[in-house]
Every structure is written in structure tokens, then in C-alpha cells.
Amino acid sequence: MSVDWSGLYAQRLGRMETSAIREILKVAQSPDIIPFAGGWPEAELFPLEQISMICDEVLSERPREALQYGLTDGLPLLREAIAGYMTARGMAARAENIVIVSGSQQSLDLVGRLFIDEGDTVLVESPTFLGAAQAFNAYGPRYVTAPMDEQGPCVGAIEDLLAHHRCKFMYLMPTFHNPTGVTTTLARRQQVVALAREAGVPILEDDPYGQLRYTGETLPTLAAIDIAAQEGDPERANVIYAGTFSKTLAPGLRLAWVVCPSELAEQLVMAKQGADLHSNTLSQMIAYEFLRRDWLDDQVERIRSTYSARCDAMCEAIKAHFPPEARYVRPEGGLFLWVTLPEGLDTAAMLADAAAHKVAFVPGAPFFVEGGGQNSFRMTFASVPADTIRRGIRILGDVIRDHLARL
Ligand SMILES: Cc1ncc(COP(=O)(O)O)c(C=O)c1O
């Protein structure tokens, strides 16, 4: 008798839908498609020579350490180096406040695991990062959502939601938001941090793109604002900060970190132990050497200059080729640009036409956990050369006009 798998799956499986993005990426991965869809960094910018040099050194000098099991909370030297890196950026931390994880995606999963019982409420922005909803959904939360505008999440809505729901935590992405590219203003950051503290609700601040700023002034993270209000004491933090090496070094390293009070760090370590014992030791050594040798900032600078030029190319091309009904916010950094079309247009249907003309983007609807957003879509400029960006935007402009004419 063969096994009836479908009769054995846990109930949570029903809540774990395949990511719409991943499905779309399957279409977008065909080599002749202009890939505005994915969120992948430009592979040409990976610091290959430096990584290769570090690997050679580590594997000849400390091979057994590099290939052995490691501590669940991470390589002590790396935790210390990240604590220094965070402290220098206004987020006072000690090594015991740092947990090394296997990508920020794991930070999202571990926080979900620690805080969400089935039916618990989580406050998210609308739209929000699809991968976060995917991570949290396994634990069966209910969502309440604060709408985003050009200045970030609506503070009035957050205040209202906190007053009427017992939220376990808020998941926010104040800097170069995925998918909208929006950066939350300083005033809103301060208000949100204060509201969360008053309500006793922690914030999970997801910050994979914070270092990738192309224009405008660097703003303090929510974690920095919160810690400053606690006289720089990381043990009194109300913000759990998630950073990653995916967009600065390389996502295949699967290496990221969480900054939080040490009591919570211990719980995260327990949860992580059950998931994967520890993150890749060789990747941790590579990241440590980048920090120790002060190479990370130069690497970030290289990435910024390429992405910044591509962001400009996309914005200029949109101005030239999209109809005026297409609205967008020029991103100050990050990887994404978000377009909103008139109500009634369906960007999922538009994708089929765009793909037929060899251009892919991500339709907006999957980013809205409570529904809506059919008339919006997300594009990335990071992994597409400027000439190809111009060509793709011209084609997309024609597809949008065509759909507008049919409205
Ligand atoms: C907002 C956001 N959070 C988390 C992640 C996951 O990143 P990582 O590669 O560090 O797991 C991504 C990846 O694109 C992202 O956009």
C-alpha cells in the first residue's frame, strides 16, 4: 500500500502557501526575460576575489574550525564585531545581544516561533514583505494592517490598532520598504517607537536594505531611536532588529543577525537550535574577516554606486515611457520601485502580456495580507543593466497603455 501523504500533513500546511513570487520567478527565470521581478542582488557585484582570498586563508590556517559544528548563537568573534558595527551606527549592543542566523528569513521565522500562538494578532504594514507573511503564517496569526503612504505606515492607524487589538508584535520595514521602496520619515519613526513602547508591544524592525542609500540623509533606525530613549541600554530595547549580509556580501552565504535584549537572545538561540543547530561556520568566518579588515564599507560603496545609477535609469525611463496615470515614489535606496495604476486595472493579468513581450514584474496583490492591491506592481532595478532597464520600461509602458485603453 502506498502512503497517502495528503492525509498525514499537519494542519499548518494549509496556511503555508507557495510564495506567489517564487512561482512568478519561475517564469521570470527564462534567460530572454527582462527580470524586473526578482529581489536578487547583482551577482556581478559579489566580492569574489576577497571571498576567495579569505576562504583560501581560512581553509589553510583553520580548516578544522571552519568545517566543524559551531555554537548556536554564532561565532563569538563575529558576534562581537557585529555588536561594534551596530554600536557605531547608534544601536548600542554587546555580543550577548547578537544572535547569528541563517538569513533574515530565519529571523522572521524564529520571532514567529517565539511569539505567535494560533490566533494571535500581528500588526504589519499594508503592503508588507511576502516572505514575512510566509514565515509567520506557519504559526497561525491573525493580521491587522496599517496602510502605507509616501511617508511610511499611517501612525493614526497604528495607534488605533494598538488601542483595539492585543498585538504580539509589529513587523515594520522603515527603510527602503519591500515592496514599496518607501522610507518612513523621522517624525513617524519617533511616533511609532513611542506608541509601541506605551502599548508594551515590541517592534520587529527588518532592515536588509538600510545600507543601500542613494539619495537623502541617513535616518536613525527604529532600534537606534528606541535605544537612545533608554539611555543606550540594549537590555531595555523594545525593538528587535534584523540585519543581513545578503544584500551587501552575497545572499548565498545565508548569513544574518538579530539584535535584541540578551534574555530574548537566549530564547531565540533555543528556537534556532531546533531549526538548524547553527549557521554556516565558513560563511561566518568570511563575514567576520570583512568586518575585521574594514572591507564591508567599501563593498557597500561599490554596490551603492551601481544601484543608484540603475535606480536613476528606471525613474527616468518611467518618466519618459509610462502614461501619467502610473504613479510611483522615487526610492531613496534599496532594490524596489512600486507602481500604482488606476483602480480596476489588474496587474496579474498585465503580467501575462508583459511576459509575452519578455518583461517580468511582481503583481501587487500578494503583498496585501488582507486583500487588495490588484492595481499595483513591484519592480527591481538592482540586477538589470541600465540599457536593458530602458528597453524593458518602454515595453511595459506600451503594455500599461494597452490595459488602460481596455478599462
Ligand atoms: C524585507 C526582507 N526581509 C528579509 C529578507 C530575507 O533576506 P535574507 O536573504 O537575509 O534571508 C528579504 C529578502 O529579499 C527582504 O526583502
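Residues numbered from 1 in each chain as written. Predicted model: local features only at pLDDT ≥ 70, side-chain atom pairs only at ≥ 80, totals over all residues. Heavy atoms only, no water.

Chemist: Hey, could you run me through the overall build of the protein chain in this one?
Modeler: When helices and strands are counted, the protein chain shows 14 helices and 14 strands. For a compact globule of 407 residues, the expected C-alpha radius of gyration is about 22 Å, and the protein chain comes in at 21 Å, within 12% of that figure. Each of the three principal axes of the protein chain carries a C-alpha extent, and together these read 65 × 60 × 55 Å. Burial analysis of the protein chain (407 residues in total) assigns 57% to the buried set. Sequence separation of 24 or more characterises 75% of the internal contacts of the protein chain that already satisfy a separation of 6 or more. Surface summary for the protein chain: the accessible area is close to 17,800 Å², and the carbon and sulfur share equals 52%. Within the protein chain, the 51 negative side-chain charges are centred at a point lying 3 Å from the centre of the 36 positive side-chain charges. (Helix = DSSP H or I, 4+ residues; strand = E, 2+ residues; numbered from the N terminus. Rg over C-alpha atoms; globule rule 2.2 N^0.38 Å. Buried < 20%, exposed > 50% of the residue type's maximum accessible area, 1.4 Å probe, protein only. Contact = heavy atoms within 4.5 Å. Areas by Shrake-Rupley, 256 points an atom, 1.4 Å probe, with all protein chains shown as cover. Lys, Arg positive; Asp, Glu negative; His and termini not counted. Charge placed at Lys NZ, Arg CZ, Asp CG, Glu CD.)

Chemist: Sorry, what's going on with the side chain of Thr72 here?
Modeler: Considering the arrangement of structural elements, one finds Thr72 in the loop between α3 (63-67) and α4 (76-88). Take Thr72: its relative accessible area is 9%, and that puts it in the buried class. Polar contacts involving the side chain of Thr72 include one to the side chain of Gln273, which spans 3.2 Å. In terms of polar contacts, Thr72 uses its side chain to reach the backbone carbonyl oxygen of Leu277, at 2.8 Å. Residue contacts for Thr72: discarding those within four places in its chain leaves Ile100, Val269, Lys272, Gln273, Leu277 and His278. (Polar contact = N/O pair within 3.5 Å; in protein donor to acceptor, adjacent residues only side chain to side chain.)

Chemist: Looking at this structure, I do not really get the environment of Ala135. What am I missing?
Modeler: Relative to the helices and strands, Ala135 resides in helix α6 (residues 130-137). With 25 residues separating them in the primary sequence, Ala135 and Leu110 have C-alpha atoms 8.7 Å apart. Sequence-distant contacts of Ala135, that is, excluding residues within four places in its chain, are made with Gln105, Leu108 and Asp109.

Chemist: Help me out: how do you make sense of the site of the ligand in this one?
Modeler: In the region of the ligand, 13 residues are neighbours, and Ser104, Asp206, Tyr209, Thr244 and Ser246 sit closest. In the environment of the ligand, an oxygen atom lies 2.7 Å from a nitrogen or oxygen atom belonging to the backbone of Ser104. Asn178 has a polar side-chain atom sitting 2.8 Å from an oxygen atom of the ligand. When the ligand sits alone it has 400 Å² of accessible area, and the protein chains cover 91% of it. When its residues are assigned to classes, the shell around the ligand shows four nonpolar, six polar and three charged. (Near = heavy atom within 4 Å. Nonpolar A, V, L, I, M, F, W, Y, C, P; charged D, E, K, R; others polar.)

Chemist: What is the right way to look at the packing of helix α5 (residues 104-115) against α6 in this model?
Modeler: Any two packed helices are characterised by how steeply their axes cross, that is the angle between the axes, and by the distance between the axes. In the contact formed by α5 and α6, the axes pass within 8 Å of each other and the chain directions differ by 35°. In this structure, α5 meets α6 at a crossing whose hand is right-handed. For the pair formed by α5 and α6, the contact residues are Gln105, Leu108, Asp109 and Gly112 on the first element and Gly131, Ala132, Ala135 and Phe136 on the second. Residues belonging to the contact of α5 with α6 are distributed by class as follows: four nonpolar, three polar and one charged. (Axes fitted to C-alpha atoms, helices over the stretch in contact; angles between N-to-C directions. Left-handed = near helix turned anticlockwise from the far one by under 90°.)

Chemist: Teacher, can you tell me more about the packing of aromatic side chains here?
Modeler: We describe a pair of aromatic rings using the distance from one ring centre to the other and the angle between the two ring planes. In total, this model carries ten aromatic pairs according to the counting rule given. Each ring, one from Tyr209 and one from Phe336, has its centre 5.7 Å from the other, and the planes form 85°; the classification is edge-to-face. You can see Tyr209 sitting in the loop between β7 (203-206) and α9 (222-229) and its partner Phe336 sitting in strand β11 (residues 336-340), a full 127 residues away along the chain. For the pair formed by Tyr209 and Phe336, the shared burial category is buried. Among the aromatic residues, ring-to-ring pairing joins Phe115, Phe136, Phe169 and Tyr171 into one connected group. In this structure, Arg89 packs its charged tip against the face of Tyr85, placed 3.6 Å from the ring centre. (Phe/Tyr/Trp six-rings, centres within 6.5 Å; stacked < 30°, edge-to-face > 60°. Lys NZ or Arg CZ within 6 Å of the ring centre and 35° of its normal.)

Chemist: Sorry if this is basic, but what is going on with the sheet that holds β11 here?
Modeler: Picture the strands of a sheet paired through backbone hydrogen bonds; they go either parallel or antiparallel. Read across the open sheet, the four strands follow the order β10-β11-β14-β13; overall the sheet is antiparallel. The sheet terminates laterally at β10 (327-328) and β13 (362-363), the two strands that pair on one side only. As judged from the five bridges shared by β11 and strand β14 (residues 376-380), these two strands associate in the antiparallel manner. Within β14, the position partnered with Leu337 by the bridge is Met379. (Pairing = 2+ DSSP bridges.)

Chemist: Explain the sheet that holds strand β5 (residues 152-153) here, please?
Modeler: A sheet is described by the order of its strands in space; here eight strands give the open sequence β2-β9-β8-β7-β6-β3-β4-β5, paired in mixed fashion. Sheet topology places β2 (98-101) and β5 at the edges, where each strand pairs with a single neighbour. Where strand β3 (residues 121-126) and strand β4 (residues 142-149) come together, six bridges link them in parallel fashion. Opposite Val122, over in β4, you have Tyr143 as the bridge partner. The sheet contacts of helix α7 (residues 155-164) involve β3, β4, β5 and β6 (167-172), and relative to β4 the element is tilted by about 160°.

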